[in-house]
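Residue-level listing of the chains:
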Amino acid sequence: MEVELSNASKLQLKSRIVSCLKITSEEPNFAANRWELHKIPILQAKGYSSLECVSPEEIKSRIGQSVQNLANVKKNKFLLQKLFLQEAKHVEITIENRLKEEIIREEEEKIKVIRERRRKNTRQIETNNLLQLFLSFLDSRDSCSRVLSIRMLEKELANRGEKELGPLLKTVQTLSTSYFDKSHKAADKTDLESAKEQLHCAKSNLIESALNIEHLWRELSHLYTDMEKRSPLIQKIPQLAAQHLLDGFCLELLDGDSNVIHLQWVEQVLFQLGKLVEGKRVFVLSVIGVQSSGKSTLLNTMFGIRMRTSVGQCTRGVNMQLLAVEGRPEYDYILLLDTEGTRSPEYHGLAGSERRDNQMATLSILLSDATIIVIPGENDAAVKEILPIVLMAYQGSQLAEENGGRLSPRIFFVYNRIDTKEKHKLDTIIQTLGTSLHEAFSQVQNMTGNSSNLKSESPFANFNLTSTDSSRSDVCILGNVNKQTKPPGDVPDEEYGKELIQFREHIHQRVTAVEGGQMWKSRSIGEFSSYIKNVWKCICSANFTFTFVTVMEHAMFDKLDLEYKKIERKLTEAYEKSFKKVKQEMIKSTEEKKTSVPFKDFEGKFLSELHLTVKELDKDVNNVVKKKGQEKWELQFKNMWNRNKNDQDFNWRLKLKNAFDRLFNYESRVEEYKKKMRNEINKSFKSSTNSKVEWKCEWNENEKNKKFEEMFKRYLDEAKKEFPTTDVQREIKKVCQNSSVIKTKQIEINWTDNRLILPSLPTGKNKEDKKSSGFHPIEYLKRQFSALLNEKEKEKQNSINMCADFVNDAVNRIAAGMLCYDNSIVSEIIREIDSKLNTYHITENSVVQDMFQYGMVLTVTLMKKVQDQWEKENSVPAKLESNKENLRKNFMMVSNGVAKTQLFASNMADILKEHITPAFENEMVQRTFQGIRNERWLYDARFMQKHIDLHLIDLLERNQLGQVLDCIRNPQTFYADMLHLLIAQKVPNVDEKWQTFRYHLRDAIKKAAAIEVDKKRAQTFVNQLRKEFLDGYLQSETLHSAFRIDCSGEYEDFNIEEKKEFQEACLSKLIEVLEKQEAITNQKDYAEQLSPKVVTHMKKVNDKAALSRCDAYCSMCGSLCIEAANHDTQDRPHDAIHQPEGIGGVNYVGTEELGHMTCHQSYEEDDKFYLNNDLTVSYRYRDYAKIFPGWRNPRINEELPLREYIFATYNNEIAKKYNKKPSTKIPLSYSSRTLTSIKEQLEREIAV
């Protein structure tokens, strides 16, 4: 058909198709059909794109109907951003008057009213025609239609803006000229002030009347964040914004009117963008300069984009634009930050204009990897005007590098509108810039009043300021965009474009080059988003430098800590691997009857396996702590590493010793006892020489049971005599009596005193014991600070308190994960106590005596529990006891004359039946643990906090406030419950794993039964079964150990003719057990029952990088410690992100009002508090670490939005629960967010 059509006919066909589609535009599938038009082969072949299928005329018509009277829309229709601007002004007042409580209270009340008005206005704004049109364009599925529609809207807004803003701009220019004339002609003061006021009003009117795409996005952003119940389309707005960026459009980062980052909105958009470009990295390039310096034009030329440059459409605030790049392995996208021109005429003379410029420059430079400073012409004044701003911002980037490890951005200069033909001009510009940089540096040093915040040399010392080779210079000197200013010569200058492309490549090379051992790294969108949050928080603070240093240090410490924990995990994994390998050799030795191999041989192999790995990990730790910005923590982390290595070595040697004893002593002796008893049973009943017995025992059932009980008791008593229960206290006493430390210090431990001499923290508020040892603390060693103590006595008592606390932690830490008692544990504890006494210079005999008494009482109590549990599960008498019923059944079967083949098969089946469930459970515990050990909520307390708070939100949404408050009141129990809940969610699919387990168990049984031998069939079958269990797919130590059976001499009379019968009997009996096992169908119940066992296993493994959270909590506000369980408080004191104290019922003395402040805020204010309802002695928050030994001072300044929301929202309910008065001083920030926004933020942070 195509061949037969003329070109005219083809065009007519296209036209008619489009016309027909337009006629049917009211039909439901009209839009989808029209977008498909370009896929028609005849049209597609002729390049008829989808752009021609979206009916631009129709779009233009719809835009024309909505884009009218923009000034009125901006001022009277777009109410949300208008109210946000009002709020920003009130917030600024609170910052400026941060020490004036009355003003702050007044302003906060005004802000509350504004926020409420904003929420109420959302429904009205949602129906705005222009926003509805814009959303319809954004939500278009077809990218061509979407981009074209938005471009047309941009164009229409620009055209309409030029018409409407032209007169306003002219008014501003007229009034500006008038004011300038009057100020230079010594006009009347009143007249001059009037002219100034008129000019300011005209400028404000111009600003308020401008409307472009950014204002549409602003209104949508507030619509999204302020609307509580969103429609599906409103809920999609952040996703549409992310797609808008991917489509190549700009999006506002810093609100150009309020000069504020709408952080909740920006974080959500970048979160959605991160999902769209998952795994991609960005290079951030910012551009700053005075207004009309040609920044947008430069970017348009350099990257081929379309920044707006018309009246009312110039960059406002800071805009970001995403550009995909190719051929750059270092990054996938360039993220441009186009900054509003500094010193703009519209803002000149208006209040806060200088602060506005400084904030924009600081933000733009701090966020970037490279910054281009654009200077128009040879304007030396422009250079001197902008450089101090740049240097003030650059000062912050140096702080980031020195305290946070993030490299400072590269700074580049672009001069444009220069006559590049005159060589001497280029040299002059370079020289002038060098001088200006030096002068600006000195100026900023004088402005800050503290030159230590800047390096002693200029930060531009490594600049390439050369005019001889433009390809290597950090300064680019350009002419004009066009060759001439008038037609026909006003065409683009090719040299201008070439220079910029060359300069773009130079910027890439300079940033990505390795200098001074420092390598630049690109960032993910998520990392960039987090950095925005930190930087903006600091910019908004009263003391930028102090706040920024603190934030950067915290971020760097967290990063260092994460890297260190990864190395710790590698060490644990190395020990696990070596332990598993050596244990396999132990098992092999027991099977080969090599029982004379000494433990030292296995220990030597174990350590030799680890030697090289530990050396490599030593290097890794050394490299990590020596990174720039991390050196200040080098000693702390090296001490932690050395202590961790010692602890790991000590713990794993004990585990190896335990495994050796269990395999070579306990398990083998249990089997010997069982075999002796089976032999005695066989001898008690006469049997024939073949497999059939010739008679039946005439004892009745009761007589048989009586005989069995007598026999079993005899063997059990013998086992108990050979393996008596360990008297832990007596063993510990022996170690102490032989200890050189105890002897030297002449310590006398009171072994007959059963009272528990355990010091407690001085608090009357704790609801649960500080440690899980079961002690009920009494005040013996530690005393509260008293007004009766002088400073010297206080210092002495504080040392005692801290030492007692560290002794308590040390004993718990050393005992953690121990499987059974060992003398070396006590020796280690004695050494540790002695070390703590030396650390705190405690030499007074009575105190030294008390410390050791205290440590030994703790040790006895903890080790008794450990040993009792171990003996209950592993001792020879206990193991023999657990096999009693199987032995009874054997007794009965032999007495009844059961054939030996059936007897053996039945015994095998009984063993399998007893151990199949524990074996599967052990596999599930192992799989679950391996699955969670890298989960961030396990090793990152802040991340766990987010999960905890999400659970609280779920309870609040189900109106379970009482349960929420109980959870907050009992943090230890709540944390344990949440840990179990999160672990349960990670338990693998139990039905799937059970079916797999059954399949491989059946396969192992079949393989063992298939082995054909003429002699020693029983022992061969058992050995093969154990081999399949351990070396096959199952790798089950539980089953391997359970079938450790010595059959020699018991079944030697099987006849050759019964070979097949034996195989079939064994196979059928074992498979029968397997088939009768009920399937596990309830995943939820099984996972809930399994999770506590996973926690127990986790504690036994004692992986320092995969431990549950410390259960100590702040005695004032109840916030949990953020460190790992059993951490050494000498290296890592307890620390917490403190919540409002009143949320747990703490009140102010006198008023009985709930406390509205966090411990951190009280610390900063140097407040006082009371303990144990004793109002005679007050304590200072600045002494927190002394009053609560083992804790850091509450210096972490991080928000807990949900806890603040709960306190502010349920103030009255909390007061009623604790019989207190509601707080009347709840900060505005506590109620600044909705529950929905907090939930979204938590979900977003968890998903990153």
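Before reading on, note that the structure itself is shown above.
Everything in this summary refers to the structure shown in the same document. Please read all numbers here as calculations on a predicted model, not as lab measurements.

Reading the values: rules and limits
Residues numbered from 1 in each chain as written. Predicted model: local features only at pLDDT ≥ 70, side-chain atom pairs only at ≥ 80, totals over all residues. Heavy atoms only, no water. Helix = DSSP H or I, 4+ residues; strand = E, 2+ residues; numbered from the N terminus. Contact = heavy atoms within 4.5 Å. Buried < 20%, exposed > 50% of the residue type's maximum accessible area, 1.4 Å probe, protein only. Expected span 1.5 Å × (residues − 1). Polar contact = N/O pair within 3.5 Å; in protein donor to acceptor, adjacent residues only side chain to side chain. Pairing = 2+ DSSP bridges. Axes fitted to C-alpha atoms, helices over the stretch in contact; angles between N-to-C directions. Parallel < 35°, antiparallel > 145°, perpendicular 65-115°, else oblique. Left-handed = near helix turned anticlockwise from the far one by under 90°. Core = buried A, V, L, I, M, F, W, Y, C linked by side-chain atoms within 4.5 Å. Disulfide = S-S within 2.5 Å. Patch = residues over 30% accessible without salt bridge, like charges linked within 9 Å, V, L, I, M, F, W, Y side chains within 5 Å. Areas by Shrake-Rupley, 256 points an atom, 1.4 Å probe, with all protein chains shown as cover. Salt bridge = Lys/Arg side-chain N within 4 Å of Asp/Glu carboxyl O.

### Here's the deal with the environment of alanine 816
Part 1: With respect to the secondary-structure elements, alanine 816 resides in the loop between helix H27 (791-815) and helix H28 (823-839).
Part 2: For alanine 816 and asparagine 1102, which are 286 residues apart along the polypeptide, the C-alpha to C-alpha distance reads 7.4 Å.
Part 3: Beyond its immediate stretch of four places on either side in the chain, alanine 816 contacts Asn1102 and Asn1126.

### Let's talk about the environment of alanine 1125
Part 1: Looking at where alanine 1125 falls in the secondary structure, it is placed in the loop between helix H41 (1083-1101) and helix H42 (1159-1165).
Part 2: Looking at alanine 1125, the relative accessible area reads 15%, which means it is buried.
Part 3: The spacing of alanine 1125 and aspartate 1111 is 14 residues in sequence and 6.9 Å in space, taken between C-alpha atoms.

### Details of helix H24 (residues 701-722)
Part 1: The end-to-end C-alpha distance of H24, which contains 22 residues, comes to 32 Å, matching closely the 32 Å that a straight helix rising 1.5 Å per residue would cover.
Part 2: Along its buried surface, H24 packs onto helix H23 (634-684), helix H30 (876-882) and helix H31 (884-895).
Part 3: Between the side-chain oxygen of the N-cap and the backbone nitrogen of asparagine 702 there are 3.2 Å, and the N-cap of H24 in question is asparagine 700.

### Re the pairing of strand E8 (residues 1168-1171)
Part 1: Alternating residues of E8 divide into Phe1169 and Leu1171, all buried, and Lys1168 and Tyr1170, none buried.
Part 2: By the bridge criterion, 3 bridges tie E8 to strand E9 (residues 1174-1180) in an arrangement that is antiparallel. The residue of E9 that forms the bridge with phenylalanine 1169 is tyrosine 1179.
Part 3: Between E8 and E9, which follow one another and run antiparallel, lie 2 residues, and asparagine 1172 among them has a positive phi close to 55°.

### Looking at unusual backbone geometry
Part 1: Not every positive phi belongs to a glycine, and asparagine 69 is a case in point at roughly 50°.
Part 2: Within the fold, asparagine 69 resides in the loop between helix H4 (56-66) and helix H5 (70-77).
Part 3: Not every positive phi belongs to a glycine, and aspartate 1166 is a case in point at roughly 55°.
Part 4: Its location among the elements puts aspartate 1166 in the loop between H42 and E8.

### A look at the packing of H24 against H31
Geometrically, a packed helix pair is captured by the angle between its two axes and the distance between the axes.
Part 1: Contact pair H24 / H31: the axes reach a minimum separation of 10 Å and the direction vectors enclose 130°. What the angle tells us is that H24 and H31 run oblique. Regarding H24 and H31, the two cross each other, and that crossing is right-handed. Listed contacts from H31 to Glu701, Lys704, Asn705, Lys707, Phe708, Glu709, Met711 and Phe712 of H24 are Lys884, Leu887, Arg888, Phe891, Met892 and Ser895.

### A few points about the nonpolar core
Part 1: By size, the foremost hydrophobic cluster in this structure holds 109 residues, and its most contacted members are Phe904, Leu1001, Phe1021 and Ile1206.
Part 2: Counting residues per element, this core draws most heavily on helix H32 (residues 900-932), which supplies 14 residues.
Part 3: Beyond its immediate sequence surroundings of up to four residues, phenylalanine 904 is in contact with Ala1018, Phe1021, Val1022, Cys1047, Tyr1051, Phe1062 and Cys1066.
Part 4: Grouped together as the second largest cluster of nonpolar side chains are 64 residues, Leu211, Ile237, Met320 and Phe528 included.

### Re the state of the cysteines
Part 1: Summed over all chains, the structure comprises 0 disulfides.
Part 2: Free cysteine: cysteine 1047, not disulfide-bonded; nearest cysteine sulfur from cysteine 1066 at 9.7 Å.
Part 3: A relative accessible area of 3% places cysteine 1047 in the buried class.

### Some remarks on the pairing of strand E2 (residues 282-289)
Regular strands place side chains that alternate from one sheet face to the opposite one.
Part 1: In terms of burial, E2 is largely enclosed, as 8 of its 8 residues are buried.
Part 2: Side chains Val282, Val284, Ser286 and Ile288 of E2 all project onto a buried face; the interleaved residues Phe283, Leu285, Val287 and Gly289 project onto the opposite face, where all are buried too.
Part 3: As paired strands, E2 and strand E4 (residues 333-339) are joined by 6 bridges and run parallel to one another. Its bridge partner being in E4, valine 284 is matched across the sheet by leucine 335.

### Focus: a nonpolar patch on the surface
Part 1: On the surface, Val1149, Tyr1170 and Leu1175 cluster together into a nonpolar patch covering about 270 Å² of accessible area.
Part 2: Inspection of the secondary structure puts tyrosine 1170 in strand E8.
Part 3: Residue tyrosine 1170 is classed as partly exposed on the basis of its relative accessible area, which comes to 34%.

### A closer look at the side chain of serine 1108
Part 1: Counting through the fold element by element, serine 1108 comes out in the loop between H41 and H42.
Part 2: Owing to a relative accessible area of 7%, serine 1108 belongs among the buried residues under this scheme.
Part 3: What serine 1108 contacts, discounting residues up to four positions off in sequence, is Leu938, Tyr975, Leu979, Met1098, Ala1124 and Ala1125.

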